[in-house]
Each structure stands twice: as structure tokens, then as C-alpha cells.
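Observations on the model geometry
So you can see what is in the structure, the chains are spelled out below.
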Amino acid sequence: MTLRPLGRSPLKVAPLAFGGNVFGWSVDEARSFDLLDAFVDHGFNLIDTADVYEAWVPGNEGGESETIIGNWLARSGKRDKVVIATKVGKWARYPGLSPVNIHEAVDDSLRRLKTDYIDLYQSHEDDPKVPLEETLRAFDDLVKAGKVRVVGSSNYSAERLSDALKTSREKDLARYETNQPEYNLMDRKGFEDGLQKLCVDEDVGVISYYSLASGFLSGKYRGEADLEKSSARAAKVKAYLNERGYRVLRALDEVSEAHGATPAQVALAWVMAQPAIAAAIASATTVAQLDELAKAASLSLGEAELAKLKAAGDE
């Protein structure tokens, strides 16, 4: 499997990342261990999580996903086989990107992850209340201390990411080597309008989240009656049940049939083929689901097929 660079950093990742927001929510620790083992067995290495995962689940307080990953690392001995990415800034315990908050949050994440270093430490969202230089200097301190190898951003606009990169360059600070936006066949505008070109021009590796549009692009939601399959995703998926959404599903069906693949595999392969993409994040709750998604990494779509899928989703 060809690995892709994370920006200008020495880190390289397989094009499919595992979204750790299911650990401690829709899958328990034992199932999480099975999924992580299977993920690595497939040749993948990027595991994405955040300190806030799974604070929204009744009975949880946050940090559960990191804890499960840390327990798996300790049990499996596979720390050197994976790239661990986590985030700071959206948890009520450690809100925002002030230097004090970043320094305290990283130590807590390291403790839960049971590791001496985090491969990719990301600002979970922009914090305009804190000067960029202060945030980036705090991240730079973590890199110099060996607690973090590479830093990245998530949910940044093109303008703010550009300003951050300029600040790092002018102040000689660690720069955001990655950006994590929402991006899939249905949700393209936020990334393609400026951010994508910036990431290409500046060699910023993109790690897309919601790569399957909350499951809509799997093809299992074809009408409102199907929303009962997942109450947690119903509101998000319902917004896709329109003529544009059905056009995309039809295009996915046609391309899938030509390759003997599933719509989910094709949808992920489309994201992986886009400029600047280092990896597409997807989650699974069973090993069988993961086995299906894994095939997306070896699925090669032709230029006409990529264009057809894109045209179907044009607004």
C-alpha cells in the first residue's frame, strides 16, 4: 500500500484513517480492540480521535476514546505500527486554544493514550479569541519537548489557515502540517472553495471527516423510511434526501456496479483521489464493515468516473 505524506512532515499514512469517535459509544472496549487489530492487519495506520470523544454519551465525561486506544496500545504492543492523531479545543474541560489549556490538555491525553508522544496533535477548531502566534508557540513548545511530533488543524477556514501558516513561517514555529475538514461527495463547498487550493499550494495534508456523509453515501438510506436504521444520524441524513442526493446515489450505483464494489467503497475512493487528500476518515462498528471499507484503498477510479461522480453532486 502506498503511504502518503502528512504535509511536509516525515509522517506517512495509508489513505484510510479509522475514526475513533465510535470507541466508547457505539462499540465497547472489547470490540474496539478487535477493530483496531483488524485495521492494522489491513495495512492501515492512522487512528484519529479527540479528547472530547465521547463526552456526549450519557454517563460519559470525555476522554473515553483516548482511554480505549491507550489500553489497546498497552495490550497490543503496536505503538510503532500506528500514527495516533488526537485533538484539543472542543472539550468543556479544556476549551479553546490558549497556551495554558494546550499544555494541560496534552498531558491528560498522553496519560489516557498511555504513550510518551502523540504523532499528530490537532487544534479541533479555530479559536479567534487567542492570537495565532500564542497557539502556535504552545504547539511549538510541545514539538520541542518531544510530546508531539507534528501539529495540525481542523475546521479552519482558508483565510485562517493561511494566516496560521504565515505566522509559523515568520516566527519560525511549528506549522500546521494537516487540515481536517468535512469533505465528501455531498459536502464539498467548504473545502473546495479556497481551502483545497491552499492545501495543495502549501503542501498541507488533508484528512477528511464525515467522508461517507454520516453513512448516506453507503447507499443504505434511500428514503425517509430508512432513517429508522439510525436515530443518531437521522437528522443529518434526512438533509441529503433530495434530488441532488439521489443523483449522487445513482452515480455511485453505476460506478459501483462497473467495479463490483459497494457505494461506500466508491465514495471513499473518490475522496482519496482528490487533490491534497492524505487520508479519508471512516468508522466501523464491526470487523465485517471494516473489511468492506478497507477495499476502498485499493479501488482505482478512472478520470471519467471521478468526473461523473463530481458532476452528480454539483449544486
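Described below are features of the structure shown in this document.

Basis of the calculations
- Residues numbered from 1 in each chain as written.
- Predicted model: local features only at pLDDT ≥ 70, side-chain atom pairs only at ≥ 80, totals over all residues.
- Heavy atoms only, no water.
- Axes fitted to C-alpha atoms, helices over the stretch in contact; angles between N-to-C directions.
- Helix = DSSP H or I, 4+ residues; strand = E, 2+ residues; numbered from the N terminus.
- Left-handed = near helix turned anticlockwise from the far one by under 90°.
- Contact = heavy atoms within 4.5 Å.
- Nonpolar A, V, L, I, M, F, W, Y, C, P; charged D, E, K, R; others polar.
- Polar contact = N/O pair within 3.5 Å; in protein donor to acceptor, adjacent residues only side chain to side chain.
- Buried < 20%, exposed > 50% of the residue type's maximum accessible area, 1.4 Å probe, protein only.
- Core = buried A, V, L, I, M, F, W, Y, C linked by side-chain atoms within 4.5 Å.
- 1 Å grid on protein atoms, 1.4 Å probe; cavity = no way out; pocket = protein on both sides within 12 Å on 5 of 7 lines; lining within 4 Å.
- Points joined across faces, edges and corners; volume = space filled by probe spheres on them.

Re the packing of helix H4 (residues 132-145) against helix H5 (residues 158-171)
Following both chains from N to C, one finds H4 and H5 inclined at 60°, their axes separated by 10 Å at the closest point. The chirality of how H4 crosses H5 is right-handed. Touching Leu132, Glu133, Leu136 and Arg137 of H4 are Arg160, Asp163, Ala164, Thr167, Ser168 and Lys171, all from H5. Looking at the contact of H4 with H5, its residues break down into three nonpolar, two polar and five charged.

A word on the environment of Gln180
Within the secondary structure, Gln180 sits in strand E10 (residues 176-180). As a C-alpha pair, Gln180 and Asn155 span 25 residues in sequence and 6.2 Å in three-dimensional space. Once you skip the residues sitting within four places of it in the chain, Gln180 turns out to touch Asp48, Lys87, Gln122, Ser153, Ser154, Asn155, Ile207, Tyr209 and Ile281. One polar contact links Gln180 to Gln122, side chain to side chain, over a distance of 2.8 Å.

Let's talk about the side chain of Gln274
One can find Gln274 in the loop between helix H10 (263-272) and strand E12 (277-282). With sequence-adjacent residues up to four places away left out, Gln274 is seen in contact with Tyr183, Gln196 and Leu306.

A short note on H10
Counting buried residues in H10 gives ten out of ten residues, a clear majority hidden from the surface. Within the span of H10, buried status applies to Pro263, Ala264, Gln265, Val266, Ala267, Leu268, Ala269, Trp270, Val271 and Met272.

Quick notes on the environment of Ala213
Mapping Ala213 onto the fold places it in the loop between strand E11 (205-208) and helix H8 (234-238). Among the residues examined, Ala213 registers a relative accessible area of 0% and is labelled buried. Placed 90 residues apart in sequence, Ala213 and Glu303 show a C-alpha to C-alpha distance of 22 Å. With near-sequence residues (within four places) excluded, Ala213 lies in contact with Asn184, Met186, Asp187 and Tyr240.

Observations regarding the nonpolar core
Within the largest apolar cluster, 94 residues are counted, with the highest numbers of intra-cluster contacts made by Tyr121, Phe216 and Leu217. By residue number, the principal contributor to this core is H10, which donates eight residues. Among all residues touching Phe216, those that are not within four sequence positions of it are Met186, Tyr221, Val237, Tyr240, Leu241, Gly245 and Leu249. Ala17, Val83, Leu120 and Val150 belong to the second largest nonpolar core, which has 14 residues in total.

Thoughts on the layout of surface pockets
One number sums up the size of the largest pocket: a volume of about 1200 Å³. Lining the largest pocket are 37 residues, and of these Asn21, Tyr210, Ser214, Arg233 and Ser283 sit closest to its centre. The element best represented in the lining of the largest pocket is helix H11 (residues 287-294), accounting for three residues. Among the residues making up the lining of the largest pocket, the classes are represented as 14 nonpolar, 16 polar and seven charged.

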